[in-house]
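Observations on the three-dimensional arrangement
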Amino acid sequence: MTTLDPGSAPLSPAATVEGVVDWVEALSMPGPRQDDAHRQLHALMLRAARRQVQRMQPVLNGVGTQLVEEIANQAADEAMMTLLGKLGTFEGRSRFTTWAYKFAVLQAATAVRSVAWRDRDVHLDGLDLLAGDDPQPGQYAEASDLADAVRSALDSELSPHQRRIMVALVVDDVPIDVLAERLGTTRNALYKALHDARKRLRAHLRRTGHLDDIDTQAGIR
Amino acid sequence: MNQRNRQLGPETLGRLTLDTEPWLSCDDCFDQVDQYVERVFGRGPVGMPAMAAHLAGCPACAEEAGTLVLLAAEDAGTDPGPALDRLFGPVRR
């Protein structure tokens, strides 16, 4: 459904092309209406990009407001180009604005992570995994046992590639798109490696009897 | 090659061993996230378990979905809190 009427959820003033909006139609037909729709769509993209950048402000330590605004504007521009190229794929399963926002959000988030990590090394070396910080008396043995079980599983059940990916993404919290760029691969490929690695770990830890304890500690059980 | 020490606490152990079935790729997550976000604003079952599993296991996608919830809530003039709570599904939160 690409047509919204005034009785549906309100659009922000910047998003309203006419009282009744058909974004796809307005953006597709050359002429003044298309020009107006482009302007309003860009305003939406910029709003979404700014929102994403604002949420990620803590990782942009030391980055000036001018660069922050540049990030948002560039993300909005790139997102708009991507969206217009995919306009024909909008199927009306959500509001057009919700569908549109995601292009700007993705672009902005990726840009912020790239800036935040531009001067940081990503280590894919081997590592020793220890038990958690500051264990309470009596808790150390259990915590150490679980950490040892996971470490053992990481060594025995995963390929070297899976292990490096998993440690980088989950232990070192390297953003997936940053790691993808450093490794010359894709976000999809890395998430697939992570997903498969988790399956292998879970299967192994289930066999060794550790999985329930880990799930309990993590608050899943 | 350098060997670096890491500390493994309960939260990290949980994230290493998270159950992220059923499978959904990041690309498919992007394709469906707008639909999913609008569902979490409703009161009925959200459905789309693969989306919930993916967002629980992929911090980048989860972060982006969270912003989408905030934007949609602003458009509708509603509180995003309940929708954000429903974003990751019932089991993993």
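Residues numbered from 1 in each chain as written. Chains lettered and ligands numbered in written order. Predicted model: local features only at pLDDT ≥ 70, side-chain atom pairs only at ≥ 80, totals over all residues. Heavy atoms only, no water.

Each helix and strand in chain B was counted, giving five helices and one strand. Order of helices (α) and strands (β) in chain B, N terminus to C terminus: β-α-α-α-α-α. Across its three principal directions, the C-alpha atoms of chain B cover 55 × 25 × 25 Å. The proportion of buried residues among the 93 residues of chain B is 53%. Long-range pairs, those at least 24 residues apart, make up 64% of the contacts in chain B with a sequence separation of at least 6. Of the roughly 4100 Å² of accessible surface on chain B, a fraction of 53% belongs to carbon and sulfur atoms. (Helix = DSSP H or I, 4+ residues; strand = E, 2+ residues; numbered from the N terminus. Buried < 20%, exposed > 50% of the residue type's maximum accessible area, 1.4 Å probe, protein only. Contact = heavy atoms within 4.5 Å. Areas by Shrake-Rupley, 256 points an atom, 1.4 Å probe, with all protein chains shown as cover.)

So, about the interface of chain B and chain A. The interface of chain B with chain A comprises 51 residues on the first partner and 58 residues on the second. Note on chain B versus chain A: buried area summed over both sides is about 5100 Å², and carbon and sulfur give 56% of it. Applying the counting criterion to the chain B and chain A interface returns ten salt bridges. The interface formed by chain B and chain A includes 28 residue pairs in polar contact (both at pLDDT 80 or more). Listed by contribution, the elements that provide at least two residues to the side of chain B that touches chain A are β1 (4–7), α1 (10–16), α2 (26–40), α3 (49–57) and α4 (59–76) of chain B. The greatest single-element share of the side of chain B that touches chain A, amounting to 13 residues, is contributed by α4 of chain B. Per-class residue counts for the side of chain B that touches chain A are 22 nonpolar, 16 polar and 13 charged. (Buried area = accessible area lost by both parts, 1.4 Å probe. Salt bridge = Lys/Arg side-chain N within 4 Å of Asp/Glu carboxyl O. Polar contact = N/O pair within 3.5 Å; in protein donor to acceptor, adjacent residues only side chain to side chain. Nonpolar A, V, L, I, M, F, W, Y, C, P; charged D, E, K, R; others polar.)

So, about the pattern of salt bridges. Scanning all chains against the criterion turns up 20 salt bridges over all chains. We note a salt bridge from R95 of chain A to E38 of chain B, for which the minimum N-O separation is 3.6 Å. With one member in each of two chains, R95 of chain A in the loop between α3 (65–85) and α4 (96–116) and E38 of chain B in helix α2 form a pair that bridges those chains. Given the relative accessible area of 29%, R95 of chain A is considered partly exposed. Taking relative accessible area as the criterion, E38 of chain B reaches 21% and is therefore assigned partly exposed. What you see here is one network of salt bridges that share partners, running through R113, D177 and R187 of chain A together with E63 and E64 of chain B.

With that out of the way, let us pick up the side chain of S94 of chain A. Considering the arrangement of structural elements, one finds S94 of chain A in the loop between α3 and α4. On the accessibility criterion, S94 of chain A (4% relative accessible area) is buried. There is a polar contact of 2.5 Å between the side chain of S94 of chain A and the side chain of D34 of chain B.

Below, the discussion takes up the nonpolar core. The biggest cluster of nonpolar side chains holds 95 residues, and the ones touching the most others in it are L41, M45, L83, F96 and M166 of chain A together with Y36 and L55 of chain B. The leading source of residues in this core is α4 of chain A, at twelve residues. Ignoring anything within four residues of it in the chain, the contact list for L41 of chain A reads W23, L27, M80, L83, L84, F96 and A100 of chain A. (Core = buried A, V, L, I, M, F, W, Y, C linked by side-chain atoms within 4.5 Å.)

In this section: the packing of α4 of chain A against α4 of chain B. Direction vectors running N to C along α4 of chain A and α4 of chain B enclose 135 degrees, while the axes themselves pass 9 Å from each other. With respect to each other, α4 of chain A and α4 of chain B are oriented oblique. Crossing of α4 of chain A against α4 of chain B: the hand is right-handed. Of the residues in α4 of chain B, those touching α4 of chain A at T97, T98, Y101, K102, V105, L106, A109 and R113 of chain A are A60, E63, E64, T67, L68, L71, A72 and D75 of chain B. Among the residues forming the contact of α4 of chain A with α4 of chain B, the class breakdown is eight nonpolar, three polar and five charged. (Axes fitted to C-alpha atoms, helices over the stretch in contact; angles between N-to-C directions. Parallel < 35°, antiparallel > 145°, perpendicular 65-115°, else oblique. Left-handed = near helix turned anticlockwise from the far one by under 90°.)

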